[in-house]
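Per-entry structural report
Now for the letters of each chain:
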Amino acid sequence: DAGITQSPRYKITETGRQVTLMCHQTWSHSYMFWYRQDLGHGLRLIYYSAAADITDKGEVPDGYVVSRSKTENFPLTLESATRSQTSVYFCASSDAREGGYNEQFFGPGTRLTVL
Amino acid sequence: QQQVKQSPQSLIVQKGGIPIINCAYENTAFDYFPWYQQFPGKGPALLIAIRPDVSEKKEGRFTISFNKSAKQFSLHIMDSQPGDSATYFCAASTYYDKVIFGPGTSLSVIP
């Protein structure tokens, strides 16, 4: 199916475990983003990527790792999960080819609970 | 200076009313101001966006008003409907840079 997908949709894990959230887009968009959404904070950028093998930190990168070996995939890894990382995580993509101000297309989100 | 402020945090209006959501920013380098709409259990989706060279933009029942000197912008929803009940995020960015989102406004439109 075309679009942007995230997996898993729901995840429960324990403190200290490693967790990887997957994001896949079929549009060949150059830019991809990871956000976390928490009540009262809106959407906060964790990491973003302008192209394969190019990533950069956002507002709240601590405790997270990303990679982008292929244009269509942008996994987010929590190396040692903490309770403060309980949140809803959204992946998004956008196409830089159309001139700089680009609509971001969001995935359906992953609800992560860290016990 | 990268922050985007948004108010109110929540809003309840009756069907047909005109909810207004206000946003403010500090960074004068911002030159693109999108609004995203998010329904429960879904990801946000672009609703409408404005550049600072215009003071108002309308798309259907949704209008953005922009005041460059005050560094403020707002979303008005005309003839609001229960289907408009959602969370609305204002945002700001510069050319090719990351988007900064406001904290969101939860809107409920009562039949």
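Look a little higher up for the structure.
None of the values given here were measured: they were computed from a predicted structure.

**Quick look at the overall build of chain B**
The helix and strand tally for chain B stands at zero helices and eleven strands. Reading chain B from its N end, one meets helices and strands in the order β-β-β-β-β-β-β-β-β-β-β. Over its C-alpha atoms chain B spans a radius of gyration of 13 Å, differing by no more than 12% from the 13 Å that the globule rule assigns to 111 residues. Its C-alpha atoms give chain B principal-axis dimensions of about 40 × 30 × 20 Å. Within chain B, the proportion of its 111 residues that are buried is 47%. Pairs at least 24 residues apart make up 53% of the contacts formed inside chain B by residues separated by at least 6 positions. By element, 50% of the accessible surface of chain B is carried by carbon and sulfur atoms, the whole surface being about 5,400 Å². Separation of charge centres in chain B, based on 10 positive and 8 negative side chains, amounts to 3 Å.

**Thoughts on the environment of R68 of chain A**
All names here are of chain A. Looking at where R68 falls in the secondary structure, it is placed in the loop between β7 (64–66) and β8 (76–78). For R68, a relative accessible area of 2% corresponds to the buried category. Among the polar contacts listed, one links the side chain of R68 to the backbone oxygen of H29, at a separation of 3.1 Å. A distance of 2.9 Å separates polar atoms of two side chains, one belonging to R68 and the other to S49.

**What to know about the packing of aromatic side chains**
Applying the stated criterion across every chain yields a total of 20 aromatic pairs over all chains. On the basis of an interplanar angle of 35° and a centroid distance of 5.5 Å, the ring pair of Y35 of chain A and F106 of chain A is categorised as tilted. Residue Y35 of chain A is located in strand β4 (residues 31–38), and its partner F106 of chain A is located in strand β10 (residues 105–106); the two are separated by 71 residues in the primary sequence. Under the relative-accessibility criterion, Y35 of chain A is labelled buried at 0%. With a centroid separation of 6.2 Å and 65° between ring planes, the pair formed by Y25 of chain B and F30 of chain B is classed as edge-to-face. Residue classification places F30 of chain B among the buried residues on the basis of a relative accessible area of 4%. Aromatic rings pair up to connect Y31, F33, Y35, Y48, F90 and F106 of chain A together with Y36, F89 and F101 of chain B into one cluster.

Calculation notes
- Residues numbered from 1 in each chain as written.
- Chains lettered and ligands numbered in written order.
- Predicted model: local features only at pLDDT ≥ 70, side-chain atom pairs only at ≥ 80, totals over all residues.
- Heavy atoms only, no water.
- Helix = DSSP H or I, 4+ residues; strand = E, 2+ residues; numbered from the N terminus.
- Rg over C-alpha atoms; globule rule 2.2 N^0.38 Å.
- Buried < 20%, exposed > 50% of the residue type's maximum accessible area, 1.4 Å probe, protein only.
- Contact = heavy atoms within 4.5 Å.
- Areas by Shrake-Rupley, 256 points an atom, 1.4 Å probe, with all protein chains shown as cover.
- Lys, Arg positive; Asp, Glu negative; His and termini not counted.
- Charge placed at Lys NZ, Arg CZ, Asp CG, Glu CD.
- Polar contact = N/O pair within 3.5 Å; in protein donor to acceptor, adjacent residues only side chain to side chain.
- Phe/Tyr/Trp six-rings, centres within 6.5 Å; stacked < 30°, edge-to-face > 60°.

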